[in-house]
Amino acid sequence: MEYLKNTVFGMLIGIANAIPGVSGGTMAVILDIYDKIMYALSLKNIKEHLKFLIPLAVGAAIGIFALSKVIVGAMANYPMILNFCFIGLVLGSIPALFKKAKGESIHPRNWIFFAAALALMIFLTIVNPEATTNKTIEEFGGISPGFCLWLFFTAAVSMIAMILPGLSGSLIFLLLGTYGAVMESISTFNFPLIAVIGAGVLVGGFVGVKVIKKMLRFHPQALYFGILGLMVGSMIIIWPGFTFNNQGIIAVIGLVFFTLAAYFLSSRK
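Rules behind the numbers
Residues numbered from 1 in each chain as written. Predicted model: local features only at pLDDT ≥ 70, side-chain atom pairs only at ≥ 80, totals over all residues. Heavy atoms only, no water. Axes fitted to C-alpha atoms, helices over the stretch in contact; angles between N-to-C directions. Helix = DSSP H or I, 4+ residues; strand = E, 2+ residues; numbered from the N terminus. Parallel < 35°, antiparallel > 145°, perpendicular 65-115°, else oblique. Left-handed = near helix turned anticlockwise from the far one by under 90°. Contact = heavy atoms within 4.5 Å. Nonpolar A, V, L, I, M, F, W, Y, C, P; charged D, E, K, R; others polar. Buried < 20%, exposed > 50% of the residue type's maximum accessible area, 1.4 Å probe, protein only. Core = buried A, V, L, I, M, F, W, Y, C linked by side-chain atoms within 4.5 Å.

Q: Before we move on, can you summarise the packing of helix α7 (residues 145-163) against helix α10 (residues 191-218) with the specific residues and values?
A: Running from N to C, α7 and α10 point in directions that differ by 40°, and their axes come no closer than 7 Å. Judged on the interaxial angle alone, α10 and α7 are oblique. α10 is crossed by α7, and the crossing has right-handed handedness. For the pair α7 and α10, contact is made by F147, C148, L151, F152, A155, A156, M159, I160 and I163 and by L193, V196, I197, A199, G200, V201, V203, G204, G205, G208, V209 and I212, respectively. Classifying every residue of the contact of α7 with α10 by side-chain character gives 17 nonpolar, four polar and no charged.

Listed below in structure tokens is the structure:
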């Protein structure tokens, strides 16, 4: 029964991680297993917690695989609707993250981290406006050493983001321009690329846990204000434009619905 429960929890975390703007870390907090995961994900403790981590990982893989085909289809056929839903998910997550960042008081210097992160997102929008066009593997030029290295790097960075409550690993994939390729790799069972992504996730997980534990211990407000800047700026990058037609109306409805859904979920804890 415990194995099944952890598998279901893993599926929920996997689904959350597959959607830009929805944090797998936040889902783990909602499920009340975040601290347990953080404790288990260390070289010293991992062997003792394999019975907990393995079903969680299996469930996460099932959740991501199940959603990847839906995401790939929506990216190809309804990009405006999909991106409006993504913006809603980010928008709805911001109030809870700001509350967590604010704490009892705000140190004015930490607004610098917010401004720097926001400026970075705006800079990326100006310099590389096509960064988040959800390129296919073919549009990247197919499988090559350079593409695999970039995929590995983005997977590692995204895994670090997944560990943090309030930040979405898939959003990082989106910002770094590999989200479409990752979802395509998963939905088509491209095992060589899945192996590259998996290796990046493992490296990011072990490195990220150590870095984030130190940041949360010594500079938590600076870290969260930086994340807030990234999230606010990400909505500029994700913005797909707007056309007033049937899809435009559905996109606005999706924006409102997913904003409210994300706000409810992120405010649970």
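Q: Account for helix α9 (residues 179-187), with residues named and values stated.
A: In terms of burial, α9 is a largely internal element, eight of the nine residues being buried. Looking only at α9, the buried set comprises Y179, G180, A181, V182, M183, S185, I186 and S187.

Q: Break down the nonpolar core for me, with residues and values.
A: Grouped together as the largest cluster of nonpolar side chains are 65 residues, with contacts concentrated most on I13, I33, I71, F86 and Y179. Judged by nonpolar contacts, the second largest core, of five residues, contains M80, I81, F84 and A251.

Q: Which residues make up the side chain of N110, and what values go with them?
A: Within the element layout of this structure, N110 appears in the loop between α5 (79-102) and α6 (111-127). Those residues within four positions of N110 in sequence are excluded, and the remaining contacts are Q221, A222 and F225.

Q: Account for the environment of I81, naming residues and giving values.
A: On the secondary structure map, I81 appears in helix α5. By relative accessible area, which is 14% here, I81 ends up buried. Residues I81 and L174, spaced 93 residues apart in sequence, show a C-alpha to C-alpha distance of 16 Å. Setting aside chain neighbours within four positions, we find I81 in contact with Q247, I250 and A251.

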